[in-house]
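Descriptive structure summary
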Amino acid sequence: MVRNRKHIGRRRLLVAAVVATGAVLAPVAAQAATADPAGTAGRKQDPVRALEQAAHPLRTTEPGRNTTDLRALGTMIGDARVVGLGEATHGSHEFFTMKERVFRYLVEEKGFTTFALELSWSAGLRIDDYLQTGKGGDARTVAKETLANSPWDREEFVSLIEWMRDYNRRHPDRTVHFMGDDLGAPSLDDAFFARITDYVRQNHPQALAQLDELYTGLRPIDDVFAYLGKPLAERRQLAARAQQALDLVGSLRGAGGEAFEWAEQNARSVAQTTTFLTLDPTDKESLPGFERFRDEVMAQNVTWWQQRTGHKVLVSAQNDHVGYAAGDPALYPKTQGAFLRDTLGRGYLPIGFTFYQGSFLSKDAALGGDWKKFTDGPPGTDLNEYTLDQVRYRDFYLDTRTAPAAAQAWLNVPRPTRNYGTQAPYPPGTFALAKSFDVLVHLHDVREADKTP
């Protein structure tokens, strides 16, 4: 839908901001009728006009509607095998529903078959088991089991899982899959460890006693936060044993085969998780190294899945992970998106999200606490969102690689950009949007995601 004038309140804010800086500009909608002999307004608005030339309006963010407005997005994605779809908050309805909408489109029009989430590998397997077999209850039960206390314990993700299960009922010969690409938090239960030990019991029983010994004291990890309460020396010892267990499973390759590959990957997830859990939350200087490790692991898991299955994958994560560069590079020195680009080249394409105003769910503290509603009003004039929202479309997307020169010049300048994860309030990140994302989606208004009962 084309927006002629966004809101009276927004227009007044624009006028006030312009007056405060001493510029003589009218609101965007009225500029064509404003005399400007010196051409000042035209020069000021060159980025907006150029962005409008590149912009494609979105009719809706809700799934299940006509997708003709996504055809240009399909062209932008081209032959990419992995698409990263970001989010500017971990808890806004429109970001989550757009993920389902885009995934449906990619499944039906571009041959994608896997939805990957910034969720533990083990939880992803549980969801995928349900999608393939229907066992374990219904979508709501499975979502509550696997997503509880996470940003994705929301009605929007129940809807996604329901759609995927229904799709598989209708297309048994071409099913869609769900994967978790992240580390094994909040738990690695006995059932997950059994995926490893059962393989060894059935195929290499002579190695089972050694494997059980290596996993003693480690299995299960019921609560990551409690696990972090263990002395650091003990956690390092357990991580070393998890790595030895991975090495043991890897040595049992023999003729290989699918069952071995899965057992080895599951053992790798245990080793990855326990290595990450050797972090010291009080040692701020060490956190960037652990976050870099986490992003590398997420990229490795997506790459393993894509190369092993041949599936095209939609990767869902926060903007800081899917982009080529994070808004907070001091904390995220190398992103999942950068690692995927190293491996896949042009086979990877990241899509970022921005928003002008609205509400979202986050927490007062990153570790612990409850998810609750936060609200952001219109952005300051120094933020990327301020200029993006002057484009005449209410919601839109654009290709940062092929935008007109004036738009590209603007998109390549680092500016503050809203960027919320598991904690709010939080200072804006700094993004040169074209250097982080190949495609950008801007939404005028968002609201908090719908909590599950």
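Notes on the structure follow. The residue numbering used here restarts from 1 in each chain and proceeds along that chain's sequence as written. Local features in this predicted model are restricted to residues of pLDDT 70 or higher, and side-chain atom pairs are both shown and tallied only at a pLDDT of 80 or more, whereas totals for entire chains, interfaces and linings draw on every residue. The side-chain numbers reported here are obtained from all heavy atoms of the structure, hydrogens and water having been left aside.

1. Structural notes on the packing of helix 7 (residues 139-147) against helix 8 (residues 155-170)
- In the contact formed by helix 7 and helix 8, the axes pass within 9 Å of each other and the chain directions differ by 125°. As the angle between them shows, helix 7 and helix 8 are arranged oblique. At the point where helix 7 passes helix 8, the crossing takes the right-handed sense. Contacts between helix 7 and helix 8 pair Ala 139, Arg 140, Ala 143 and Leu 147 from the former with Glu 155, Phe 157, Val 158, Ile 161 and Glu 162 from the latter.
- All residues other than Ala, Val, Leu, Ile, Met, Phe, Trp, Tyr, Cys, Pro, Asp, Glu, Lys and Arg, Gly among them, are scored as polar; the first ten of these are nonpolar and the last four charged. The residue makeup of the contact of helix 7 with helix 8, split by class, is six nonpolar, no polar and three charged. Only C-alpha atoms enter the line fits that serve as axes; for helices the fit covers just the stretch in contact. Angles between N-to-C directions range over 0 to 180 degrees. A run of H or I in DSSP becomes a helix once it reaches four residues, and a run of E becomes a strand once it reaches two; helices and strands are each numbered from the N terminus. Oblique is the label for any angle not covered by the other classes, which are roughly parallel (under 35 degrees), roughly antiparallel (over 145) and roughly perpendicular (65 to 115). When the near helix sits turned anticlockwise from the far one by under a right angle, the crossing is termed left-handed; a clockwise turn instead gives a right-handed crossing. Contacts: residue pairs with any heavy atoms within 4.5 Å of one another.

2. Quick notes on the layout of surface pockets
- Its volume calculated, the largest pocket comes out at about 1,600 Å³.
- Within this scheme a cavity is a closed region of a 1 Å grid, computed over the protein atoms alone, that accommodates a 1.4 Å probe without allowing it to escape, whereas a pocket is open but has protein on both sides within 12 Å along at least five of seven lines; lining residues each have an atom within 4 Å of a point. As for the largest pocket, its lining consists of 50 residues, of which Phe 225, Arg 294, Ala 366, Leu 367 and Thr 422 are closest to the centre.
- Those elements that place two or more of their residues in the lining of the largest pocket are strand 3 (112-120), helix 7, helix 11 (224-227), helix 13 (258-276), helix 14 (287-309) and helix 15 (319-322).
- In terms of residues, the lining of the largest pocket owes the most to one element, helix 14, which gives four residues.
- Considered class by class, the residues forming the lining of the largest pocket number 24 nonpolar, 15 polar and eleven charged. Grid points are joined across faces, edges and corners, and a volume is the space filled by probe spheres set on the points.

3. What about the packing of helix 5 (residues 93-110) against helix 8?
- Two elements in contact, helix 5 and helix 8, have axes whose closest approach is 9 Å; the angle formed by their N-to-C orientations is 15°. Classified by the angle between their axes, helix 5 and helix 8 sit roughly parallel to one another. Note on packing geometry: the crossing formed by helix 5 with helix 8 is right-handed. Every residue of helix 8 that contacts helix 5 at His 93, Phe 96, Thr 97, Glu 100, Phe 103, Arg 104, Val 107 and Glu 108 is listed here: Glu 156, Phe 157, Ser 159, Leu 160, Trp 163, Met 164 and Tyr 167.
- The class makeup of the residues in the contact of helix 5 with helix 8 is eight nonpolar, three polar and four charged.

4. Here's the deal with a negative patch on the surface
- Exposure above 30% relative accessible area and no salt bridge define the residues that can form patches, which grow by joining like charges within 9 Å and nonpolar side chains of Val, Leu, Ile, Met, Phe, Trp and Tyr within 5 Å. What sets the accessible areas is the Shrake-Rupley method with a 1.4 Å probe; for residues, cover comes only from the shown protein chains. Counted as salt bridges are all cases of a side-chain nitrogen of Lys or Arg within 4 Å of a carboxyl oxygen of Asp or Glu. This count recognises Lys and Arg as positive and Asp and Glu as negative, with His and chain-terminal groups excluded. Every charge is mapped onto a representative atom, which is NZ of Lys, CZ of Arg, CG of Asp or CD of Glu. A contiguous patch of negative charge on the surface is contributed by Asp 189, Asp 190, Asp 222 and Asp 223.
- With respect to the helices and strands, the residue Asp 222 is situated in the loop between helix 10 (208-215) and helix 11.

5. Regarding the pattern of salt bridges
- As enumerated under the stated definition, the model contains 25 salt bridges in all.
- Its salt-bridge partner being Arg 294, residue Glu 118 comes within 3.0 Å of it at the nearest N-O pair. Of this pair, Glu 118 sits in strand 3 while Arg 294 sits in helix 14, and the two are 176 residues apart along the sequence.
- We call a residue buried when its accessible area falls under 20% of the maximum for its residue type, exposed when it is over 50%, and partly exposed in between, using a 1.4 Å probe and counting protein chains only. A relative accessible area of 5% places Glu 118 in the buried class.
- Arg 294 sits in the buried class, given a relative accessible area of 14%.
- Of the charged contacts in the structure, one is a salt bridge between Asp 212 and Arg 219, with a shortest N-O distance of 3.2 Å.
- Accessibility expressed as a relative area gives 24% for Asp 212, which makes it partly exposed.
- Its relative accessible area of 30% is what places Arg 219 among the partly exposed residues.
- Where salt bridges share partners, they join Glu 118, Asp 182, Glu 291 and Arg 294 into one cluster.

6. What to know about the side chain of Arg 101
- On the secondary structure map, Arg 101 appears in helix 5.
- Given the relative accessible area of 2%, Arg 101 is considered buried.
- N or O atoms within 3.5 Å of each other form a polar contact, as long as, within protein, one can give a hydrogen and the other can take it, and as long as residues adjacent in sequence are counted only when both atoms are side-chain atoms. Engagement of the side chain of Arg 101 in a polar contact is seen with the backbone oxygen of Glu 62, the distance being 3.5 Å.
- Contact partners of Arg 101, with chain neighbours within four places excluded, come to Leu 58, Thr 60, Thr 61, Glu 62, Pro 63, Asn 66, Thr 67, Asp 69 and Leu 70.

7. Section: the packing of aromatic side chains
- What counts as a ring pair is set by centres within 6.5 Å for rings of Phe, Tyr and Trp (its six-membered ring), and what kind of pair is set by the plane angle: stacked under 30 degrees, edge-to-face over 60, tilted for all other angles. According to the stated counting rule, one finds 20 aromatic pairs in the structure shown.
- Between Phe 96 and Phe 157, the aromatic rings sit 5.0 Å apart at their centres with planes inclined by 70°, giving edge-to-face as the arrangement. Taken together, the residues span a long stretch of sequence, with Phe 96 in helix 5 and Phe 157 in helix 8 at a distance of 61 residues.
- A residue is classified by how much of its surface remains accessible, and Phe 96, at 2% relative accessible area, is buried.
- The buried category is assigned to Phe 157, whose relative accessible area is 2%.
- Each ring, one from Trp 121 and one from Trp 304, has its centre 5.7 Å from the other, and the planes form 75°; the classification is edge-to-face. Placement of the pair is Trp 121 in helix 6 (residues 121-133) and Trp 304 in helix 14, with a sequence separation of 183 residues. The two residues Trp 121 and Trp 304 agree in class, both being buried.
- Within the aromatic cluster, the residues linked to one another by ring pairs are Phe 96, Phe 103, Phe 115, Phe 157, Trp 163, Tyr 167 and Phe 178.
- Its guanidinium or amino end placed over the ring of Tyr 324, Arg 341 lies 4.1 Å from that ring's centre, counting from NZ or CZ.
- The aromatic ring of Phe 355 is capped on one face by Arg 418, whose charged end is 5.4 Å from the ring centroid. Throughout this description, the term charge over a ring refers to an Arg CZ or Lys NZ atom that lies within 6 Å of the ring centre and within 35 degrees of the ring normal.

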